[in-house]
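Structural features, examined
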There are 2 protein chains.
Amino acid sequence: MNETFVVIGGDAAGMSAASKAKREDPEREVIVFEKGEWVSYAACGMPYYVKGAVDDLDDLVTVTPEAFREERDVDLRTGAEVVDIDREGRTVTVETDDETYEQPYDDLLVATGASAIEPPFDGMDLEGVFTIHDMDEADAIETYVTEESPGTAAIVGGGYVGIEMAEALSARGVDVHLYEMLPHVLQPFGEPVAEVVEEHLREQGIDLHLETAVSGFAGDERVEAVELEDETVDADIAIVGVGVEPNADLAEAAGIERGPTGAIATDEYGRTNDENVYGAGDNAEATHVVTGEPDHVPLALTANRAGRAIGQTVTGDPTPVGDIAGTAIVKAFELGAARTGIVDEERAREAGFDPASVTISASSRAHYYPDGAELTVTLLADRESGRLLGGSVVGREGAKRIDTVATALTAGMTVTELQNADLAYAPPFSPVWDPILTAAKVLSGKLE
Amino acid sequence: MNETFVVIGGDAAGMSAASKAKREDPEREVIVFEKGEWVSYAACGMPYYVKGAVDDLDDLVTVTPEAFREERDVDLRTGAEVVDIDREGRTVTVETDDETYEQPYDDLLVATGASAIEPPFDGMDLEGVFTIHDMDEADAIETYVTEESPGTAAIVGGGYVGIEMAEALSARGVDVHLYEMLPHVLQPFGEPVAEVVEEHLREQGIDLHLETAVSGFAGDERVEAVELEDETVDADIAIVGVGVEPNADLAEAAGIERGPTGAIATDEYGRTNDENVYGAGDNAEATHVVTGEPDHVPLALTANRAGRAIGQTVTGDPTPVGDIAGTAIVKAFELGAARTGIVDEERAREAGFDPASVTISASSRAHYYPDGAELTVTLLADRESGRLLGGSVVGREGAKRIDTVATALTAGMTVTELQNADLAYAPPFSPVWDPILTAAKVLSGKLE
């Protein structure tokens, strides 16, 4: 009999693994269980559906269930929830609306993703209060905005979901208040980025409430206000985006270990403490390329890459899932903001480095070329080794330049090596010294 | 007495070296001789002055002569041509309109730049026939276009100067014919880029004549036509942009050696065969990061970086000038085209590699996100080592992604390592797999 590869979860990591395994070994039985109906969808695109920049929720689906089944020959079973893993017997228990059954496996991938954290706020179940992590939620928000025409929105959390939803709702004509407990939005991006983004959000008419804790929502059936420590502010719709937590309970119940971050611990091949059970995507840890330590950064590329690698590994071609640098980019109205590696000195010291950092501003184009934008670039390095530790970029164009820094991190470059990278220059695209090089040059001087 | 650092040539390499040396050691005598009046100007910006996108030629000057003299305390002497170098006596002979004198030096930098090649065409001295390499030429072209309102232009040479001037003249309402001897424009960018650019140039109304040799220009006092092998085509203005050649005669006359490319041979610190004489910028060779061989790629960043490093070296802090990857980017109307390293298999084989290459097309943004552009990415690698050798990118947005490849080349990464770089993703900026990663993934598969 052919070997069976079972995948729990039909989004990025799961479907990448299934597709790759089937392509590498068409004889292999590849079964994916997805408890919902949506598979392989771009969660990151949901704010743009709410905004109206993407017409149809189906547009966010990368590969349809039909294509997986027919073109890729994957046995994809939607509406099928795995409720138990029996590692001894190598079976999973599957529940559908109609039946419960057991499915044997040779290799198992747990790709159950993450869930939006639901804080213990009063009134979380009022109508008009949403988290946003799956397609049904995106659909519900869009419908609510269309049907109820909310005048004022309360967005709780200034992470990238909060900021993208602020842009989306603002574009829909809603007056947006954004509440963030911490002193700055986009905490993982560091202060230099946050300050630029905050100024821009205010320019765009967002009512920004920093260091402001939300305690709950008030209203009859429907949300009418957001409750702060000593104030109540009107709100016709509320979006709670305070982070995600890995869905690791199913795995943990079967004795699969969590790592220090609470996500499933994995080795460089995505294997858990059971050599036939893999973890990948938003529920799993990955190794940080700078610290060498396990980290949990639930992002799409990490999930896709790890899934694909595991698809290769289970079919006999052991492939590392790759390290992560925590690279992220977010659009905030007209700005792009991006980060990679370690972006603040405190975090660098915690990781055992002796950091130096610089923040510079430079034009995205030659100074005389029209329509250039100011880019703010931060870079960090270790004083002793000169090794680059991370950085951030924010501006109206060119935030994707973070990729240069991310690539340098993957290569383990020093600041001096980065400073000598031969980057592209022509007046419409860059100053002679690209802002990344300028930052490296200044930082390099500081390390001497 | 203080040591004297003499610099011949007041553009990127020369002024960078002078400024850096003076900053590192304010006591040092730093004298720059520039035979013209313009210093530290952005030659790359000249087409945009002709186009009308830059209002004033002075805008292209990065630092004014006054600022060099007063703020940076550099003894900058314009209108002063060095006509002889006496290496034995460590002096240079300087000619101005008024006098000839000798200037002793301890260290000397020859930063005499390059000149536009003037092919032996008939009629090169007709009015309305221009090369474009210095500010006076840019000024003359702009004036000619304004005063004579040429109806038709002949641009000879499909390199980046030719393409930028095609865009510039087209924007000024001139009907542009572009003549290229070779089968493709932008020869150093490789065929996949050339094909995309050629299609776009034609869409933009440029009359593209490939594999078409120009033999000269016809006209009375003023150019009236361009002469081809068996045809004569009307032309009211002609721009000849068939490349540049290093200005190395002065140095050669003093026994400074040229390298295999014809430019001044230098070591990793920019030193020539005389340890007190340096060469940098468009007249000097640099080491190619992929081949390890001397190469001559006269571009602004190389000149600035080498100049700066030499300024450090002569003041007692030996600093390598850095390797080059031949990274270049050019705007062709709505397109950006970029290249780095080795972009075609033939050249890779000449350099001793066993190359494999791929060309892929992918969207610059998530497939569902509005206004994405198709990017065509080419990557080359060595089959045996897996080492990345170079690549190119062309598309309506995102050509600056070449920096990721350039950084990977500087770091000596393999394709597999590049494939695992944690690049930034969000729908407005990239697909989940950045096109560079997609190309690396496909190429990696091909190497197995």
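What counts, and where the lines are drawn
- Residues numbered from 1 in each chain as written.
- Chains lettered and ligands numbered in written order.
- Predicted model: local features only at pLDDT ≥ 70, side-chain atom pairs only at ≥ 80, totals over all residues.
- Heavy atoms only, no water.
- UniProt positions renumbered as here; feature names shortened; annotations may be inferred.
- Helix = DSSP H or I, 4+ residues; strand = E, 2+ residues; numbered from the N terminus.
- Expected span 1.5 Å × (residues − 1).
- Buried < 20%, exposed > 50% of the residue type's maximum accessible area, 1.4 Å probe, protein only.
- Pairing = 2+ DSSP bridges.
- Axes fitted to C-alpha atoms, helices over the stretch in contact; angles between N-to-C directions.
- Least-squares fit on C-alpha atoms with pLDDT ≥ 70 in both.
- Contact = heavy atoms within 4.5 Å.
- Domains from an automatic or database assignment.
- Buried area = accessible area lost by both parts, 1.4 Å probe.
- Salt bridge = Lys/Arg side-chain N within 4 Å of Asp/Glu carboxyl O.
- Polar contact = N/O pair within 3.5 Å; in protein donor to acceptor, adjacent residues only side chain to side chain.
- Nonpolar A, V, L, I, M, F, W, Y, C, P; charged D, E, K, R; others polar.

With an unreviewed UniProt entry as reference, chain A is termed Pyridine nucleotide-disulfide oxidoreductase, source organism Natrinema saccharevitans. The UniProt entry for chain A carries the following comment under Cofactor (unreviewed entry): "FAD". Recorded in UniProt under Sequence similarities (unreviewed entry), the annotation for chain A is "Belongs to the class-III pyridine nucleotide-disulfide oxidoreductase family."

**Considerations on helix α5 (residues 160-171) of chain A**
An α-helical segment advances 3.6 residues per turn. Residues three or four places apart therefore align on the same side. All names here are of chain A. In this model, α5 (12 residues) spans 16 Å end to end at C-alpha, consistent with the 16 Å of a helix rising 1.5 Å per residue. Among the residues of α5, Gly162, Ile163, Glu164, Met165, Ala166, Glu167, Ala168 and Leu169 are the ones counted as buried. Two residues or fewer after α5 comes glycine 173, characterised by a positive phi angle close to 85°.

**What about the sheet that holds strand β5 (residues 91-95) of chain B?**
Residues and elements named next belong to chain B. Taken together, the three strands give an open sheet; going across it, the order is β4-β5-β6, and neighbouring strands pair in antiparallel fashion. Edge positions in the sheet fall to β4 (81-86) and β6 (100-104), since each has one partner strand and no second. Neighbouring strand axes in the sheet, compared pairwise and without regard to direction, differ in orientation by 25° on average. Pairing geometry for β4 and β5, over five bridges, is antiparallel. Looking at β5, one finds that aspartate 84 is bridged to threonine 93.

**Some details on the relation of the copies chain A and chain B**
Structural alignment of chain A on chain B gives an RMSD of 0.0 Å, achieved by rotating through 180° and translating 0.0 Å along the axis. Both chain copies can therefore be described as sitting about a two-fold axis. The C-alpha atom lying nearest the rotation axis in chain A is that of Thr404(A); the distance is 2.5 Å. Taken as a fraction of all interface residues of chain A, those also at the interface in chain B reach 98%, which identifies the copy contact as same-surface.

**Comments concerning the side chain of Ser19(A)**
Residues and elements named next belong to chain A. When you line up the elements, serine 19 lands in helix α1 (residues 12-24). Looking at serine 19, the relative accessible area reads 8%, which means it is buried. Once you skip the residues sitting within four places of it in the chain, serine 19 turns out to touch Phe68, Arg72 and Val74.

**Focus on the domain arrangement of chain A**
Residues and elements named next belong to chain A. Here chain A is partitioned into domain 1 (4-114 + 245-314), domain 2 (118-242) and domain 3 (337-447). For domain 1 and domain 3, the distance between their C-alpha centres works out to 34 Å. Listed by partner, the interface residues are four residues for domain 1 and nine residues for domain 3. Buried surface at the junction of domain 1 and domain 3, summed over both partners, amounts to about 470 Å²; 64% is from carbon and sulfur atoms. Contact with domain 3 buries surface across domain 1, with Val289, Val290 and Thr291 losing the most and accounting together for 85% of the total. Counting across the interface, domain 1 meets domain 3 through zero salt bridges. Counting every contact that joins domain 1 to domain 3 gives two residue pairs in polar contact (both at pLDDT 80 or more). Tallied by class, the residues present in the side of domain 1 that touches domain 3 amount to two nonpolar, two polar and no charged.

**Examining the interface of chain A and chain B**
Much of the literature gives interface size as the accessible area that the parts lose upon coming together. On the chain B side, the residues contacting the 63 residues of chain A number 63 residues. Between chain A and chain B, roughly 5100 Å² of surface is buried when both sides are summed, and carbon and sulfur atoms account for 64% of that area. The tally of links from chain A across to chain B stands at two salt bridges. Residue Asp434(A) is joined to Lys400(B) by a salt bridge in which the shortest nitrogen-to-oxygen separation is 2.5 Å. Linking chain A with chain B are 18 residue pairs in polar contact (both at pLDDT 80 or more), by the criterion used here. Of all the secondary-structure elements, those providing two or more residues to the side of chain A that touches chain B are α8 (300-314), β21 (328-332), β22 (335-341), α10 (402-411), α11 (415-419) and α12 (435-447) of chain A. Top element by residues in the side of chain A that touches chain B is α10(A). It accounts for eight residues. Of the residues contributing to the side of chain A that touches chain B, the split by class is 34 nonpolar, 15 polar and 14 charged.

**A word on the UniProt feature "domain: FAD/NAD(P)-binding" (unreviewed entry) in chain A**
Sequence positions flagged by UniProt for "domain: FAD/NAD(P)-binding" (unreviewed entry) are, in local numbering, residues 5-300 of chain A. Across residues 5-300 of chain A one finds 24% helix and 28% strand; the C-alpha atoms that close the span lie 22 Å apart.

**Topic: the UniProt feature "domain: Pyridine nucleotide-disulphide oxidoreductase dimerisation" (unreviewed entry) in chain A**
Following the UniProt record, one finds the feature "domain: Pyridine nucleotide-disulphide oxidoreductase dimerisation" (unreviewed entry) at residues 330-432 of chain A. End C-alpha atoms of residues 330-432 of chain A are separated by 26 Å, and the span's content is 20% helix alongside 35% strand.

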